Amino acid sequence: MYKILNTVEEDAAQKRDDVYAGKSYSEKEKNREMHCYRSHTCGELRKGNVGEFVRLSGWIHNRRDHGGVLFIDLRDHYGITQVVIYPDRMFQKTIAHLAKETVIRFDGMLANRSDENINSKLPTGEVEVVAESYDILGAAELVPFSIFPEDPAPEDMRLEYRFLDLRRGKLHENILLRSKIIAYMRRAMTDMGFNEFQTPILTSSSPEGARDFLVPSRLHPGKFYALPQAPQQFKQLLMIAGFDRYFQIAPCFRDEDARADRSPGEFYQLDIEMSFVTQEDVFEAVEKLLEGLFNEFTEWKFDKAPFKRIPYREAMLKYGTDKPDLRIPVEIQDVSQNFLKSGFKIFADTVSGGGVARAIAVRGIAGKPRSFFDGMVEFAQSIGSQGLAYLVWNEGNVKGPIAKFLDEQSMTDLTKKLDAKTGDVVFFVCNDEAKANKIAGEIRVKLGKDLDMIEQNAYRFCWITDFPMFEYNEELRKIDFSHNPFSMPQGGMEALTQKDPLEIYAYQYDIVCNGIELSSGAIRNHRPDIMYKAFEIAGYSREQVDEKFGAMIKALSFGAPPHGGIAPGVDRIIMLLANEPNLREVTAFPMNQRAQDLMMNAPCEVTEKQLRELHIRSTEIKA
RNA sequence: GGACCGGUAGUUCAGCCGGUUAGAACGCUGGCCUGUCAAGCCAGAGGUCGCGAGUUCGAGCCUCGUCCGGUCCGCCA
């Protein structure tokens, strides 16, 4: 191995050696002629450098004008160094009136600070540069929001002046963390024997899935490229091509509305595909990656491999969602049978009509004030529940709005089933299964937050497994794929021909951390015969399948290895590790929620000429 | 497409029951100050209260509409 490039520190050291080597303070005049912007970075100088004649360049971070002495905090990527300008310098007044964020170069001697003037908050806080001369390298206008101190600023302004926002400590660190995490991912994947590939950005529109971003073709009037929603088909083709283990930090494009944890338009996945693997092989690879990653980048507690596996149906029952936040130590229980026999008519009728009753038990909160319970009822109503029943286990009796409807036997059974003890409170939700899951799940999370039950400083992972292959579409009154039609059904062809379709699971899985879905993945269906059969169950003819997915089927027909993969969301992982609630805090140049880049002014109108070349006419009338 | 929350000085916010000339802090400008490090002190400038209509003797405050931002639902194979 040989070295191609020096680090910044090495470069600076080199220049120092070249320019300053052996030179004393008396030679400073000569040094002023040197042709470089800095001898050191602003984070570098220490006691050992005292007495050296140094040159620093950076931004005016802050200044403190004492009339006599003037202090400038000079900032660059590497840190902050105090520059002091004494009144005998003619330029002191000029510097005192420069706008913050001016880019400036100072030359001067590095001096020791006296003990009482040491700033322990700065790594460079034991020294300061005594300015001899300066050069303004980049003038600055008054900034629209404060870089220092790092006060809150309106987000649309932060986006419009992103280059300023990125100077601020927290965001600067987050983006740096992003760089390090991605570098780690590349290293770890390569070490595990994966090869990185690039796949096309201009590709063809896929009929399934999210809304595509379309790019009009100049050479083929009326035809369009689509930006990839994910390199799904390409990575499978690479497996069929025999490359065995693929990964890519893959840009993905989906024209769907944004959320706090979902960027509008574009995002990155650590896209992974492996040949000759089972579901467990994929889990093992991802667990190894994530364990290493979290080990490297967090001080918090996190689950070690193997992560908990939770079948989809169990997750929906216990947590009311397929992306459970396991930091909340509460599980939902099914109590349908208890209410079926009970005297509580509303619940009994719902259950006998095919609905379910769910219980959320919280220990030791019987003493909560009435307003707490009213608040919970109100919350339940706001998310679409008729109301919210609850029982409170007090010393010797059970109270609550529904207590009077339950006979002694029902109450005894319920107490036993829920293992309810004095001081416990149980909330009840009764509805059709889908609604009951959703409402109970949200109440579980709300209780976790309001009662401060969410485990702090911890990352809790789980795999959600055994997603149903098919589901019944009430609207179209037919069987549909519930998620991905290209996943391998568990049991293969035999299951498709023998079992009730709604009982078939797919080799499909999600990985979830702290209630955030990091990724979906699957063992793919690599057999055309099983593919045709699966589509047949969902009501597609062989011809329809050929028309829509012909290219993929063709590729699978020439000797395809069993393969599978996953694609953890890079942005979301960074968001978790940076402990940020929003993707924009870990993205250098994000769009706003309405998919606009406020700095670059995208999307924007284009010229008539451009449109003509692309054979496009806009239906929007220009102002 | 829908729901909720928000919009007052460059920024962060306060503004009581609808009642005099809309306040504070930071920033900015000027001045004072030789050791600060979120420097300090004094003075000053800075406002179409998002926009439009309505109710009222009177609207930052109430009503309706509208625009903008965020969060969520829909959507995200």
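Values in this document were obtained by computation on a predicted structure and should not be read as measured data.

(A) How the structure looks around the overall build of chain A. Within chain A, the regular secondary structure consists of 19 helices and 24 strands. Projecting the C-alpha coordinates of chain A onto the three principal axes gives extents of approximately 95 × 75 × 60 Å. Per-residue burial over chain A gives 49% buried out of 623 residues. Residue pairs in contact within chain A that sit at least 24 positions apart in sequence constitute 67% of those at least 6 positions apart. Total accessible area on chain A is roughly 32100 Å²; 51% of this is exposed by carbon and sulfur atoms. Averaged over its 79 positive side-chain charges, chain A has a centre that lies 1 Å from the centre of its 93 negative ones.

(B) Expanded view of the environment of Phe379. One can find Phe379 in helix α12 (residues 370-382). The class of Phe379 is buried, set by a relative accessible area of 19%. In this structure the C-alpha to C-alpha distance between Phe379 and Ile104, which are 275 residues apart in sequence, comes to 55 Å.

(C) Spotlight on the side chain of Arg162. Looking at the element boundaries, Arg162 is found in helix α5 (residues 162-165). Judged by relative accessible area, which is 2%, Arg162 ranks as buried. A distance of 2.5 Å separates the side chain of Arg162 from the backbone oxygen of Arg584, its partner in a polar contact. Setting aside residues no more than four positions away along its own chain, Arg162 makes contact with Leu171, Arg584, Thr587, Ala588, Phe589, Pro590 and Met599.

(D) Expanded view of helix α8 (residues 279-297). Taking 1.5 Å per residue, 19 residues should reach 27 Å; α8 reaches 27 Å between its end C-alpha atoms and fits that length. Looking at α8, one finds that the buried residues are Gln279, Val282, Phe283, Ala285, Val286, Glu287, Leu289, Leu290, Gly292, Leu293, Phe294 and Phe297.

(E) Molecular detail of the sheet that holds strand β19 (residues 461-465). Strand order in this open sheet of eight strands is β6-β9-β10-β24-β23-β22-β19-β12, and the pairing throughout is mixed. Looking at which strands have only one partner, the edges of the open sheet turn out to be β6 (195-196) and β12 (308-311). Where strand β22 (residues 508-513) meets strand β23 (residues 516-523), six bridges bridge the pair, whose relative direction is antiparallel. Pairing of Gln508 across the sheet is with Ala522, part of β23.

(F) Up close: the sheet that holds strand β17 (residues 425-431). Read across the sheet, five strands follow the order β13-β14-β17-β15-β16 without closing on themselves; strand pairing throughout is antiparallel. Edge positions in the sheet fall to β13 (332-334) and β16 (397-399), since each has one partner strand and no second. Each strand of the sheet is rotated relative to its neighbour by a mean of 25 degrees, with strand direction disregarded. Sheet topology note: the strand β15 (residues 389-394)/β17 ladder contains four bridges and is antiparallel. Bridged to Leu391 within β17 is Val426. Against the sheet, helix α9 (residues 312-319) contacts β13 and β14 (356-362), and its axis sits at roughly 105 degrees relative to β13.

(G) Fine view of the protein's contact with RNA strand B. Close to RNA strand B lie 46 residues; Asn62, Arg64, Tyr86, Asn117 and Glu256 are nearest. Arg594 is positioned such that a nitrogen or oxygen atom in its side chain is 2.8 Å from a phosphate oxygen of RNA strand B. Going through the elements one at a time, β1 (53-65) and α4 (155-160) are the ones with two or more residues in the surface near RNA strand B. No other element matches the four residues that β1 contributes to the surface near RNA strand B. By residue class, the composition of the surface near RNA strand B is 13 nonpolar, 16 polar and 17 charged.

(H) Structural context of the pattern of salt bridges. The final tally for this structure, using the stated rule, is 43 salt bridges. Between Arg572 and Asp261 there is a salt bridge, with the nearest N and O atoms lying 3.9 Å from each other. One end of the pair, Arg572, is in helix α18 (residues 570-577); the other, Asp261, is in the loop between β9 (245-254) and β10 (265-275), with 311 residues separating them in the sequence. Two residues, Asp529 and Arg527, come together in a salt bridge whose shortest N-O distance is 2.9 Å. On the accessibility criterion, Asp529 (34% relative accessible area) is partly exposed. A residue is classified by how much of its surface remains accessible, and Arg527, at 35% relative accessible area, is partly exposed. Linked by salt bridges that have partners in common, Arg158, Arg162, Asp165, Arg168 and Glu585 make up one network.

(I) Main features of the pairing of strand β21 (residues 478-481). Pairing between strand β20 (residues 470-473) and β21: four bridges, direction antiparallel. The residue of β21 that forms the bridge with Tyr472 is Ile479. What sits between β20 and β21 in their antiparallel hairpin is a turn of four residues, with Arg477 showing a positive phi close to 50 degrees.

Reading guide: rules and limits
Residues numbered from 1 in each chain as written. Chains lettered and ligands numbered in written order. Predicted model: local features only at pLDDT ≥ 70, side-chain atom pairs only at ≥ 80, totals over all residues. Heavy atoms only, no water. Helix = DSSP H or I, 4+ residues; strand = E, 2+ residues; numbered from the N terminus. Buried < 20%, exposed > 50% of the residue type's maximum accessible area, 1.4 Å probe, protein only. Contact = heavy atoms within 4.5 Å. Areas by Shrake-Rupley, 256 points an atom, 1.4 Å probe, with all protein chains shown as cover. Lys, Arg positive; Asp, Glu negative; His and termini not counted. Charge placed at Lys NZ, Arg CZ, Asp CG, Glu CD. Polar contact = N/O pair within 3.5 Å; in protein donor to acceptor, adjacent residues only side chain to side chain. Expected span 1.5 Å × (residues − 1). Pairing = 2+ DSSP bridges. Axes fitted to C-alpha atoms, helices over the stretch in contact; angles between N-to-C directions. Near = heavy atom within 4 Å. Nonpolar A, V, L, I, M, F, W, Y, C, P; charged D, E, K, R; others polar. Salt bridge = Lys/Arg side-chain N within 4 Å of Asp/Glu carboxyl O.

These values are about where atoms sit, not about what they do.
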